[in-house]
Amino acid sequence: MKIELFVPCFIDQLFPDTAFNTVKVLEKAGCKVSFNPNQTCCGQPAFNAGFWDEAKAVGSKFLNDFSDDSVIVTPSASCTGMVKNYYNDLFTNTAVHNKCRAVQGNIYELSDFLVNILQFDYFGAELDGKAVYHDSCAALRECKIKDEPRQLLSKVLGLELLNLKDNETCCGFGGTFAVKFDGISTAMAQQKVDNALAVGAEYIISTDVSCLLHLQSYIDKNSLPIKTMHLSDVLTLGWGNV
């Protein structure tokens, strides 16, 4: 299958290896991946901060950067949720209404695409250790993604996936929320990390690097014995042994 890859600005600027690993995962699943280097952002930061005019300008560029008849895959449930749900507020009954609806119907978060569209869940990945999976708010509530990442992780050799207490509770990032309400945000991160440590987890895995950046910052500041990892990075481990 031919797909277009959307690499969110957060990943592009801070976690480029996750983008490259996403390409590896998609190619191993049999996809031919194309990437438009002119792409930038979906407009979510501006939209969530209340700057809808600016979000519309960025969103318009997003719609121009992708085809309306191609499958678009991204390693971010947050950006997927923005396009699928909130572009309605920006582009309904505008000149790009039809293009918007087409793109909304064609964009998929990575785990959703792998499991539900390609029906491909085994990559020969290996990771020895214990982990918990963090349901990001966007994945769980906006994209209705819950079982798909867990199905993929269940096929990772050596990985024991543990249950996380209060797993559906937000990690505290929430974009600009973490800046405006840093005390509350930090306390929420602490709760999430403490719950992971309580069950003996060595890794916190998720579909959203924004959540992972927030949690890893708390972990690093407090020198805690746990690490965060994006799903794409986990799925590409250990291939040399296959």
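Bear in mind the structure is a predicted one, so any value in this text is a computation, not a measurement.

Trainee: Explanation requested: the overall build of the protein in the structure shown.
Mentor: Along the backbone of the protein there are 13 helices and eight strands. Taken over C-alpha atoms, the radius of gyration comes to 18 Å for the protein, in line with the 18 Å a tight globule of 242 residues would show. Along the longest, intermediate and shortest principal axes, the C-alpha atoms of the protein span 55 × 45 × 25 Å. Here the protein holds 242 residues, and 50% of them are scored as buried. Here the contacts in the protein between residues at least 6 apart in sequence split such that 78% fall between residues at least 24 apart. Carbon and sulfur atoms make up 52% of the accessible area of the protein, which amounts to about 11100 Å² in all. Averaging the positions of the 20 positive and the 28 negative side-chain charges in the protein gives two centres separated by 2 Å.

Trainee: What am I meant to see in the state of the cysteines here?
Mentor: Covalent bonding between the sulfur atoms of two cysteines is what defines a disulfide. The final tally for this structure, using the stated rule, is zero disulfides. Cysteine Cys41 remains unbridged, with the sulfur of Cys9 as its closest cysteine sulfur at 3.7 Å. Classification of Cys41 by relative accessible area gives buried; the value is 14%. In this structure Cys79 is a free cysteine whose sulfur lies 3.9 Å from that of Cys42, the closest cysteine sulfur available. Assessed through its relative accessible area of 9%, Cys79 is described here as buried.

Trainee: Just checking my understanding: could you explain the pairing of strand 7 (residues 203–206) for this structure?
Mentor: Remark: a regular strand shows side chains that alternate across the two faces of the sheet. Burial along strand 7 is two-sided: Tyr203 and Ile205 and Ile204 and Ser206, pointing in opposite directions, are all buried. For strand 5 (residues 126–133) and strand 7, the ladder comprises three bridges, and the chain directions are parallel. In the strand pairing of strand 7, Val132 is matched with Ile204. The sheet contact formed by strand 7 and strand 8 (residues 227–230) spans four bridges and is parallel. By the bridge assignment for strand 8, Ser206 is matched with His230. Considered for its hand, the β-α-β crossover made up of strand 7, helix 12 (residues 209–221) and strand 8 is right-handed.

Trainee: In this structure, what is going on with the environment of Cys79? I would like to understand it.
Mentor: Relative to the elements of secondary structure, Cys79 occurs in helix 5 (residues 77–91). Taking the C-alpha atoms as reference points, Cys79 and Cys41, 38 residues apart in sequence, are found 8.7 Å from one another. In this structure Cys79 touches Phe6, Pro8, Cys42 and Gln44, once residues within four positions along its chain are discounted.

Trainee: Teacher, can you tell me more about the sheet that holds strand 2 (residues 32–34) here?
Mentor: Neighbouring strands of a sheet are bound in pairs by backbone hydrogen bonds; such pairs are parallel or else antiparallel. Strands sit in the order 2-1-3-4 across an open sheet of four strands; the sheet is parallel. Among the strands making up the open sheet, the edge pair consists of strand 2 and strand 4 (107–109). Neighbouring strand axes in the sheet, compared pairwise and without regard to direction, differ in orientation by 35° on average. Alignment of strand 1 (residues 2–5) against strand 2, held across three bridges, turns out to be parallel. By the bridge assignment for strand 2, Glu4 is matched with Ser34. Together, strand 1, strand 2 and strand 3 (71–74) form the strand contacts of helix 2 (residues 16–28), whose direction differs from that of strand 1 by roughly 170°. Of the strands in this sheet, strand 1, strand 3 and strand 4 touch helix 7 (residues 110–117), which is tilted by about 100° from strand 4.

Trainee: Is there a simple way to think about the packing of helix 7 against helix 9 (residues 147–154) in this case?
Mentor: Packed helix pairs are characterised by how far apart their axes lie and by the angle those axes make with each other. Put simply, helix 7 and helix 9 touch, their axes get as near as 8 Å, and they point 75° apart. Considered as vectors, helix 7 and helix 9 are oriented roughly perpendicular to each other. In this structure, helix 7 contributes Ser111, Asp112, Leu114, Val115 and Asn116 to the contact, and helix 9 contributes Glu148, Pro149, Gln151 and Leu152. Tallied by class, residues from the contact of helix 7 with helix 9 come to four nonpolar, three polar and two charged.

Trainee: Hey, could you run me through the packing of aromatic side chains in this one?
Mentor: Each aromatic ring pair is described using two quantities: the centre-to-centre distance and the angle formed by the ring planes. Going through the model one piece at a time under the given rule, you end up with 11 aromatic pairs. Ring centres 5.9 Å apart and planes at 90° place the aromatic pair Phe62 and Tyr87 in the edge-to-face group. Residue Phe62 is located in helix 4 (residues 52–65), and its partner Tyr87 is located in helix 5; the two are separated by 25 residues in the primary sequence. As far as the burial class goes, Phe62 and Tyr87 line up, both buried. Summarising the aromatic geometry, the rings of Phe120 and Phe123 are spaced 4.9 Å apart at their centres and angled 50° between planes, so their arrangement reads as tilted. The structure contains a cluster of three or more aromatic residues connected by ring pairs, namely Phe6, Phe62, Phe66, Tyr87 and Phe91. The side chain of Lys28 reaches across the aromatic face of Trp239, ending 3.9 Å from its centre. The lysine or arginine in question, Lys84, covers the ring of Tyr108, its NZ or CZ lying 5.6 Å from the ring centre.

Procedures and definitions
- Residues numbered from 1 in each chain as written.
- Predicted model: local features only at pLDDT ≥ 70, side-chain atom pairs only at ≥ 80, totals over all residues.
- Heavy atoms only, no water.
- Helix = DSSP H or I, 4+ residues; strand = E, 2+ residues; numbered from the N terminus.
- Rg over C-alpha atoms; globule rule 2.2 N^0.38 Å.
- Buried < 20%, exposed > 50% of the residue type's maximum accessible area, 1.4 Å probe, protein only.
- Contact = heavy atoms within 4.5 Å.
- Areas by Shrake-Rupley, 256 points an atom, 1.4 Å probe, with all protein chains shown as cover.
- Lys, Arg positive; Asp, Glu negative; His and termini not counted.
- Charge placed at Lys NZ, Arg CZ, Asp CG, Glu CD.
- Disulfide = S-S within 2.5 Å.
- Pairing = 2+ DSSP bridges.
- Right-handed = clockwise from strand over helix to strand, strands pointing away.
- Axes fitted to C-alpha atoms, helices over the stretch in contact; angles between N-to-C directions.
- Parallel < 35°, antiparallel > 145°, perpendicular 65-115°, else oblique.
- Nonpolar A, V, L, I, M, F, W, Y, C, P; charged D, E, K, R; others polar.
- Phe/Tyr/Trp six-rings, centres within 6.5 Å; stacked < 30°, edge-to-face > 60°.
- Lys NZ or Arg CZ within 6 Å of the ring centre and 35° of its normal.

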